[in-house]
Structures are given as C-alpha cells and as structure tokens.
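# An overview of the molecular structure
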Amino acid sequence: MTAVVIDGNAIAEQLRKSIADELQVLRLSEVRPGLATVLIGESFDAQAYERHVKRLAESLDYRYVCERLPEDIELADVIATLGKLNADPRITGILVLHPLPPHIPEAEMNSAVDPLKDIEAVHPLNTGLLAQGRPRFLPSTPASCFYLLDHYADANGGGHESFYSGRTLVVVGRSNSVGKPAQMLGLQRNATVIACHSRTKPLEDYTRQADILIVAAGVRGIVDGAMVKEGVVAVDVGIHAVKDEQTGKTRMVGDLDFDSVAAKAEAITPVPGGVGPTTDVWLGGNALMAAAIAHQVEPRFGLFR
Ligand code: NAP
C-alpha cells in the first residue's frame with residue numbers, strides 16, 4: 001500500500017486564509033484580536049515558542065504583548081500578572097508558555113487565565129465543556145490532528161461525518177493538552193476510542209486495533225510498521241530533533257517510525273509538515289474567536305467544517 005502523505009503545510013495555509021477572511025469581517029465591527037504570552041524564566045523551548053507566537057500574531061496583524069517574568073518569581077506575582085492581562089480589554093487571548101519553572105504549578109496557571117481568554121483551552125471550565133461535547137475553544141494540537149483527519153476524510157471520499165463512525169481510534173498519550181482532548185474529540189465524532197499510556201502493556205496489542213491512530217507519547221519512533229494494521233490512517237504528534245550522522249545536520253522526526261508505518265498505512269502525517277503547521281495557525285483561530293466573544297460579535301467562524 002502506498003500511503004497518502006497528508007500535507008499539513010497546504011492545509012495550514014488554507015486555514016490561515018479562512019482566518020484572514022474572517023478577520024476582515026470582524027474588522028468591520030472594529031474587532032482586533034490581542035494576544036498575550038507569559039514567559040517565565042529562560043527556558044530555550046519556551047523562548048523559541050514565544051518568538052513563534054509573536055511571528056504568528058504579527059502575520060495576522062494582531063496586537064501582541066509578551067510578559068517576561070524572572071525564573072524565581074513568586075506564584076502570587078505570576079497570578080497578579082495574569083489578573084492584569086485578564087482585566088485588559090485590549091488583550092483577548094492569553095497563553096502561558098511551557099515549560100514552567102518547577103515551583104509554578106501548572107494547575108494554578110490553568111485556572112488563573114480568564115476562561116474567555118483561554119486560547120489553549122486549559123482552564124477547567126473549558127476542559128469540562130470539551131468533555132461534555134460542547135467546546136468553546138479547542139486545544140490547538142489535538143484540534144489540529146482532527147482538522148487534518150477531517151480534511152483527509154473529505155478529500156478521499158466518505159466525508160468527515162461518516163469517517164469515524166464504526167472505526168476504532170487509538171490514541172497513544174493521555175496528557176491534558178494533547179492525549180485526553182484527542183480522545184474527547186474522537187468520541188465526539190463517534191469513533192470507538194482506546195486510550196493508551198505508559199502503563200499500557202503490550203502497546204502493540206492496542207495499536208494493531210487502530211483504524212485511526214494518533215500518537216502523542218513524546219517517544220521517538222515508539223510505533224513502527226509491525227505495530228499497525230494495513231490501511232491505518234496515522235497521525236504523528238511527536239517532534240524530536242535528531243542529528244544526521246552523515247551530514248551532521250539536525251532534522252525533525254516523530255513518534256512514528258515513518259517509513260515502516262507508511263508502508264502499511266492508507267494515510268499518514270509527516271514530521272515535519274504534518275500536525276505542527278496547523279497547530280500554529282489554530283492558535284490564531286482561537287485568538288480570533290476569543291476576540292469575537294469579547295466584543296460580543298457572533299463568531300461566524302467555524303474552525304471545524
Ligand atoms: P507529555 O505530557 O509528556 O505526555 C506524553 C504521554 O505519552 C503521557 O500520557 C504518557 O503516559 C504517554 N507515554 C509516554 N511513554 C509512553 C510509552 N512508552 N507507551 C505509551 N504511552 C507513553 O507529552 P505531550 O505534551 O502530550 O506531547 C507529546 C508529544 O507531542 C511530544 O513529543 C511533544 O513534543 C509533541 N507535541 C507536538 C506538538 C505539535 O504541534 N506537533 C504540540 C504539542 C506537543 P503517562 O500518562 O502514563 O505518563
């Protein structure tokens with residue numbers, strides 16, 4: 001079987017265009033999204049992501065501000081900063097960057113962001129709405145997985161409304177930001193969902209049941225071709241930088257062993273160029289929806305088709 005390689009860059013570009021179109025409409029109501037990031041400490045990954053979000057905001061002509069806080073800041077001061085952003089009407093979406101310093105509890109951060117400005121959908125109110133099948137915002141990474149899957153289903157017959165029904169979706173990973181919301185989104189689409197995690201043994205007994213597979217374990221190459229069945233549609237969330245022994249250059253790989261899974265799959269997302277590009281753009285879409293909500297403008301914008 002020759003797998004269709006799902007082109008995340010092309011799909012992300014379409015998503016970006018629909019956000020830009022919606023932005024034009026919102027401008028007529030004088031709505032301009034304002035995005036704020038909160039960067040605590042000097043983490044390389046968090047700083048790199050901050051630059052990324054800043055570029056995204058600039059490319060969409062959003063207002064943008066980054067609150068840079070010292071590594072040793074007290075929790076109460078971080079919460080006060082979030083309170084200030086929550087109260088600022090020019091800021092319509094807030095993102096606390098990860099990783100956090102060890103003394104700053106993630107759960108406290110999630111609850112301290114105004115749920116109406118919570119564009120990463122981590123506030124308990126927003127995770128609860130998602131669990132009940134009536135989400136306000138969707139966390140960008142799992143939303144991106146389903147945006148790609150829906151797109152594939154629409155482009156390859158059947159359509160996304162019937163694609164999941166009667167199919168087994170296996171999600172490897174149960175983090176609050178990726179695995180669990182991916183399970184919820186699968187249930188919402190009528191898939192039969194199997195949730196795997198680090199205590200699932202043996203993993204291949206479950207991954208082999210997958211008609212649709214989402215792998216978000218953060219373990220390079222954890223699923224290979226021997227662990228999947230013929231015709232699987234596989235989505236790779238993992239991102240790992242590896243050094244090519246021959247060229248000495250760094251390249252990105254995922255949680256799937258791409259070549260062996262692609263040899264059996266009906267469709268597969270690559271790394272890079274799969275889940276990542278739509279994830280980035282999705283955040284911009286959430287910021288747009290948050291701005292519409294803040295201005296009490298009905299968001300016409302449906303991120304899912
Ligand atoms: P995480 O918080 O570390 O969660 C990893 C999950 O995988 C946990 O639930 C863990 O199980 C499970 N797991 C770990 N080892 C496993 C194993 N051997 N077998 C089965 N399950 C295992 O990571 P995350 O934030 O969900 O992110 C996952 C990956 O996606 C990372 O590589 C990250 O860099 C990447 N990522 C990519 C994007 C993107 O835009 N493409 C965005 C976000 C994240 P337990 O719960 O039992 O520990």
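Residues numbered from 1 in each chain as written. Predicted model: local features only at pLDDT ≥ 70, side-chain atom pairs only at ≥ 80, totals over all residues. Heavy atoms only, no water.

Attention now goes to the site of the ligand. Around the ligand, 20 residues are found, and the nearest of them are R174, S175, H197, S198 and V237. A distance of 2.7 Å separates an oxygen atom of the ligand from a polar side-chain atom of R174. At a separation of 3.3 Å, a nitrogen atom of the ligand approaches a polar backbone atom of H197. Protein contacts shield 67% of the accessible area of the ligand, which totals 920 Å² for the unbound molecule. When residues in the shell around the ligand are grouped by element, the largest group, three residues, is from helix α11 (residues 275-294). Its residues assigned to classes, the shell around the ligand comprises nine nonpolar, 10 polar and one charged. (Near = heavy atom within 4 Å. Polar contact = N/O pair within 3.5 Å; in protein donor to acceptor, adjacent residues only side chain to side chain. Areas by Shrake-Rupley, 256 points an atom, 1.4 Å probe, with all protein chains shown as cover. Helix = DSSP H or I, 4+ residues; strand = E, 2+ residues; numbered from the N terminus. Nonpolar A, V, L, I, M, F, W, Y, C, P; charged D, E, K, R; others polar.)

Next up on the list: the nonpolar core. Among the nonpolar cores identified, the biggest contains 59 residues, and L35, Y62, F146, L149, F163 and I214 are the most heavily contacted of them. In terms of nonpolar packing, the next biggest core, distinct from the first, is built from 19 residues, A3, V172, A262 and I268 among them. (Core = buried A, V, L, I, M, F, W, Y, C linked by side-chain atoms within 4.5 Å. Buried < 20%, exposed > 50% of the residue type's maximum accessible area, 1.4 Å probe, protein only.)

Another aspect to go through is the pattern of salt bridges. Any two side chains of opposite charge can pair, given that their charged atoms come close. Per the counting criterion, the structure on display carries 10 salt bridges. Note that E58 is salt-bridged to K54, the shortest N-O span being 3.5 Å. Of this pair, E58 and K54 both sit in helix α2 (residues 44-59), four residues apart, which is roughly one turn of that helix. R251 is the salt-bridge partner of D244, the closest N and O atoms lying 3.8 Å from each other. Relative accessible area serves as the criterion here: at 23%, D244 is assigned to the partly exposed category. Here R251 falls in the partly exposed class, since its relative accessible area comes to 42%. (Salt bridge = Lys/Arg side-chain N within 4 Å of Asp/Glu carboxyl O.)

Running from amino to carboxyl end, helix α6 (residues 140-155) crosses α11 at an angle of 120°, the nearest separation of the two axes being 8 Å. Viewed along their axes, α6 and α11 adopt a mutual orientation that is oblique. For the crossing formed where α6 meets α11, the hand is right-handed. Within the contact between the two elements, α6 uses S140, T141, A143, S144, C145, Y147 and L148 and α11 uses V275, T278, T279, W282 and L283. Taken together, the residues of the contact of α6 with α11 break down into seven nonpolar, five polar and no charged. (Axes fitted to C-alpha atoms, helices over the stretch in contact; angles between N-to-C directions. Parallel < 35°, antiparallel > 145°, perpendicular 65-115°, else oblique. Left-handed = near helix turned anticlockwise from the far one by under 90°. Contact = heavy atoms within 4.5 Å.)

Turning our eyes to something else, we now look at a negative patch on the surface. On the surface, a cluster of negative charge is contributed by E42, E71, D72, E74 and D77. You can see E74 is positioned in the loop between β3 (63-69) and α3 (75-87). (Patch = residues over 30% accessible without salt bridge, like charges linked within 9 Å, V, L, I, M, F, W, Y side chains within 5 Å. Lys, Arg positive; Asp, Glu negative; His and termini not counted. Charge placed at Lys NZ, Arg CZ, Asp CG, Glu CD.)

Turning our attention to the environment of E13. Mapped onto the fold, E13 is located in helix α1 (residues 8-28). Residues E13 and L130, spaced 117 residues apart in sequence, show a C-alpha to C-alpha distance of 26 Å.

With that out of the way, let us pick up α6. The terminal C-alpha atoms of α6 lie 22 Å apart, and with 16 residues this matches the ideal 22 Å at 1.5 Å per residue to within 8%. Counting buried positions over the 16 residues of α6 gives 14, a clear majority of the element. Downstream of α6 by one or two residues, G157 has phi in the positive range, about 85°. (Expected span 1.5 Å × (residues − 1).)

What follows deals with the sheet that holds strand β5 (residues 168-172). The six strands are arranged β1-β11-β8-β7-β5-β6 in an open sheet whose pairing can be described as parallel. On the outer flanks of this sheet lie β1 (4-5) and β6 (192-196), each paired with one strand and no other. Pairing of β5 with strand β7 (residues 212-215) involves four bridges; the strand directions are parallel. Among the inter-strand pairings, V171 is bridged to a residue of β7, identified as I214. Contacting β5, β6 and β7, helix α8 (residues 179-188) runs over the sheet at an angle of about 170° to β5. (Pairing = 2+ DSSP bridges.)

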